[in-house]
Amino acid sequence: MANDKPKNNDSIGRTFLVVFVLCLICSIVVAGSAVGLKSQQQEQKLLDKQRNILDVAGLLKPDMTTEEIKEIYNSRIQPELLDLKTAKLQKSRGNFDLNSALRSDETSTALSSEQDLAKIRRRANMAEIYLVKDEAGKTTELVLPIYGSGLWSVMYAFISIDVDGVTSRGISYYSHGETPGLGGEVDNPQWRKQWVGKKLYNPQGVPALKIVRGGAGDNPYGVDGLSGATLTSNGVQHMFDFWLGDNGFGPFLKKVREGALKDG
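Residues numbered from 1 in each chain as written. Predicted model: local features only at pLDDT ≥ 70, side-chain atom pairs only at ≥ 80, totals over all residues. Heavy atoms only, no water.

**Some remarks on the pattern of salt bridges**
Put simply, the test is: Basic side-chain nitrogens of Lys or Arg form a salt bridge, by our definition, when they fall within 4 Å of a carboxyl oxygen of Asp or Glu. Strands here mean DSSP runs of E at least two residues long; helices mean DSSP runs of H or I at least four residues long; both are numbered from the N terminus. Residue burial is assigned from relative accessible area. The probe radius is 1.4 Å, only protein chains are included, and a residue is buried under 20% of its type maximum, exposed over 50%, and partly exposed in between.
Following the criterion strictly, the structure yields nine salt bridges and no others. Two residues, E43 and K70, come together in a salt bridge whose shortest N-O distance is 3.1 Å. Taken together, the residues E43 in helix 1 (residues 12–56) and K70 in helix 2 (residues 66–76) connect sequence positions 27 residues apart. By relative accessible area, E43 is classed as partly exposed at 45%. It is possible to trace a salt-bridge network through shared partners that takes in E141, D162 and R169.

**Description of unusual backbone geometry**
Backbone geometry places D63, a non-glycine residue, at a positive phi of 65°. On the secondary structure map, D63 appears in the loop between helix 1 and helix 2. The class of D63 is exposed, set by a relative accessible area of 76%. Not every positive phi belongs to a glycine, and R121 is a case in point at roughly 70°. Along the polypeptide, R121 turns up in the loop between strand 3 (108–110) and strand 4 (122–124).

Here it is as structure tokens:
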């Protein structure tokens, strides 16, 4: 009678084979899911941007459906590409990607330490901005994308500005990593309400918006600082110092103040 040893099904080789097969199957499932969901993720990202733009423009209503958001956005918002070097507008094709632009020396500009007030290192040469139209098709305000470093993160926002090129009509921070209850109060509706009607420039066209520690009171250029969040408040101030200045939207807003958008 043969004295064969029983086969060991738990050998190292078999174990590695099983692990390899399981990892391969999981990788295929994850990759397939990512590819299959990519279009949905992109659509949701676009919808979120449209929602935030409508919000800062005062066109977002509670409980609006996805279709209503798309309809209002398409009928009342006109995206434009702004050349920040020349302050000239051109039609947007809807495919501008800020992150891609920032990765190329051809489509972005490195900022010196003196220029980099918002601590962003580089600024894209183009910016997608949004003209807000009334029902008659006349431009009533514009929405500009701004960003800069806070305490923990880069903060991204939309600021709505009247066609006078001076008066703020609202602000919305749509992405940040600031501390809830402190710097995260940039999301607080009460703090955001303060921005309505504030003046961004003085009569001489110099950026004048100030985040005021201890309260701005009736100061037409002042917004209350965030309580207990000095560094986030400083970040907000530095964002506006940069984006309202010569290396940001300053030259374009000068044209707006001269009447560039008043004819629609």
